[in-house]
Amino acid sequence: MNYRRKYYDLFSKFYDDFIKLHSKDKNEELRKFFVEQTKLENNQIVLDLCCGTGSNFIHFKNKAPKGFFVGIDFSYGMLIQAKKKFNNANLVLGDVAFLPFKDNTFDIITYTFAFYELKGEKVHKTLLEIKRVLKDNGKLLIMEHEIPKNSLTKLLYYIRLATMGLKKAKTIISHEQELLQKFFPNVKKIISPSKKSKIFICQKEC
Ligand SMILES: C[S@@+](CC[C@H](N)C(=O)[O-])C[C@H]1O[C@@H](n2cnc3c(N)ncnc32)[C@H](O)[C@@H]1O
């Protein structure tokens, strides 16, 4: 079994409490801000990649009550928590490098705090898969942390990167916009109001 998957299975029951403790964002203002950037409309179909415990779903639902939301994650434990939190979610157990969906299916694809976990060939494979299942003019939105300023948080941030393969993670971080532009010519970068996170909005061409 993939050790990362096992790690998330074990961590799944405590994941939300851990994030609440260390994010200082009790009202989830960051997720609200992120979902605002999707410009999601009613009746649109959204795919949340590496959906984890499903923290984005409630914000999708608030923005578009008639939308159709799908989440995919390779950790069964994380999906169980997502189902408890948002019973209406359509959840798929799977790896984002092999998306089990037809071409041109989704209006919007979201990817929060998990893009840096991709390693090696999976980076390109996943971006190709995203492009395949995204509708023409559809959008991919990726949110990741900026490099923290506080030294303790910075240390934790680098430890997380190290567990993913420091060299690869550093390459992704310093060249992420160029990397995304190879797949999506139109890439816009936005910084969150707290300045702690960044969002890349990538539009698929017709
Ligand atoms: C840091 S959590 C982020 C969860 C969620 N996106 C959020 O914003 O809270 C990373 C998630 O990515 C999932 N994950 C990592 N690599 C994956 C892959 N290759 N395919 C599917 N899920 C993956 C993990 O199981 C975990 O749930």
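Here the structure is shown first, and the text comes after it.
The model shown is predicted, which means the values in this text are computed figures rather than measured ones.

Within the protein one finds 7 helices and 7 strands. Each helix and strand of the protein, ordered N terminal to C terminal, gives the series α-α-β-α-β-α-β-β-α-β-α-α-β-β. Here the C-alpha radius of gyration of the protein, 16 Å, is about what a compact globule of 206 residues would show, namely 17 Å. Once local pairs closer than 6 in sequence are excluded, the contacts in the protein between residues at least 24 apart make up 69%. Accessible surface, the protein as shown: approximately 11,300 Å² in total, 57% of it carbon and sulfur. Where the 37 positive side-chain charges of the protein centre and where its 22 negative ones centre are 3 Å apart.

Now for the pattern of salt bridges. Scanning all chains against the criterion turns up 11 salt bridges. For Lys 32, the salt bridge goes to Glu 29, with nearest N and O atoms at 3.5 Å. A residue pair is termed a helical-turn pair when its members lie 3 or 4 positions apart in one helix, as Lys 32 and Glu 29 do in helix H2 (residues 29-38) at 3 residues. Judged by relative accessible area, Lys 32 falls into the partly exposed class, the value being 38%. For the salt bridge of Lys 63 with Glu 36, the shortest nitrogen-to-oxygen distance reads 3.9 Å. A residue pair is termed long-range when its members are at least 10 positions apart, and Lys 63 in helix H3 (residues 57-63) and Glu 36 in helix H2 qualify at 27 residues. Given the relative accessible area of 31%, Lys 63 is considered partly exposed. According to the relative accessible area criterion, Glu 36 is partly exposed, its value standing at 44%.

The next point concerns the sheet that holds strand E7 (residues 197-203). One open sheet holds the 7 strands; their spatial order is E3-E2-E1-E4-E5-E7-E6, and the pairing between them is mixed. The strands lining the two open edges of the sheet, one partner per strand, are strand E3 (90-93) and strand E6 (186-191). The sheet shows a mean angle of 20° between the axes of neighbouring strands, taken without regard to direction. Against the sheet, H2 engages strand E4 (106-112), strand E5 (134-145), E6 and E7, with an angle of about 160° to E5.

To continue, consider H2. Within the sequence span of H2, burial applies to Leu 30, Arg 31, Phe 34, Val 35, Gln 37 and Thr 38. What you see down the axis of H2 is that its buried residues fit within an arc of 150°, all on one side. Those residues of H2 that are buried are in contact with H3, E4, E5, E6 and E7.

In this structure, Thr 38 sits in helix H2. Setting aside chain neighbours within four positions, we find Thr 38 in contact with Ile 108, Thr 110, Lys 139 and Leu 141.

What follows concerns the environment of Lys 139. Structurally, Lys 139 is set in strand E5. Residue class for Lys 139 comes out buried when judged on its relative accessible area of 16%. In this structure Lys 139 touches Gln 37, Thr 38, Lys 39, Asp 107, Ile 108, Ile 109, Leu 134, Ile 201, Cys 202 and Gln 203, once residues within four positions along its chain are discounted.

Helix length check: helix H6 (residues 151-163) (13 residues) gives 18 Å between terminal C-alpha atoms against 18 Å at 1.5 Å per residue, within 8%. Gly 165 sits one or two residues past H6 and shows a positive phi near 100°.

Grouped together as the largest cluster of nonpolar side chains are 31 residues, with contacts concentrated most on Leu 47, Tyr 111, Leu 127 and Leu 140. Beyond its immediate stretch of four places on either side in the chain, Leu 47 contacts Val 70, Ile 72, Leu 99, Phe 101, Phe 106, Ile 108, Ile 109, Thr 110 and Val 133. Core analysis: the next-biggest nonpolar cluster, separate from the first, contains 20 residues, Phe 60, Ala 89, Leu 141 and Ile 201 among them.

Cut-offs and rules
- Residues numbered from 1 in each chain as written.
- Predicted model: local features only at pLDDT ≥ 70, side-chain atom pairs only at ≥ 80, totals over all residues.
- Heavy atoms only, no water.
- Helix = DSSP H or I, 4+ residues; strand = E, 2+ residues; numbered from the N terminus.
- Rg over C-alpha atoms; globule rule 2.2 N^0.38 Å.
- Contact = heavy atoms within 4.5 Å.
- Areas by Shrake-Rupley, 256 points an atom, 1.4 Å probe, with all protein chains shown as cover.
- Lys, Arg positive; Asp, Glu negative; His and termini not counted.
- Charge placed at Lys NZ, Arg CZ, Asp CG, Glu CD.
- Salt bridge = Lys/Arg side-chain N within 4 Å of Asp/Glu carboxyl O.
- Buried < 20%, exposed > 50% of the residue type's maximum accessible area, 1.4 Å probe, protein only.
- Pairing = 2+ DSSP bridges.
- Axes fitted to C-alpha atoms, helices over the stretch in contact; angles between N-to-C directions.
- Arc of directions from axis to C-beta.
- Expected span 1.5 Å × (residues − 1).
- Core = buried A, V, L, I, M, F, W, Y, C linked by side-chain atoms within 4.5 Å.

In short, shape yes, function no, at least from these values alone.
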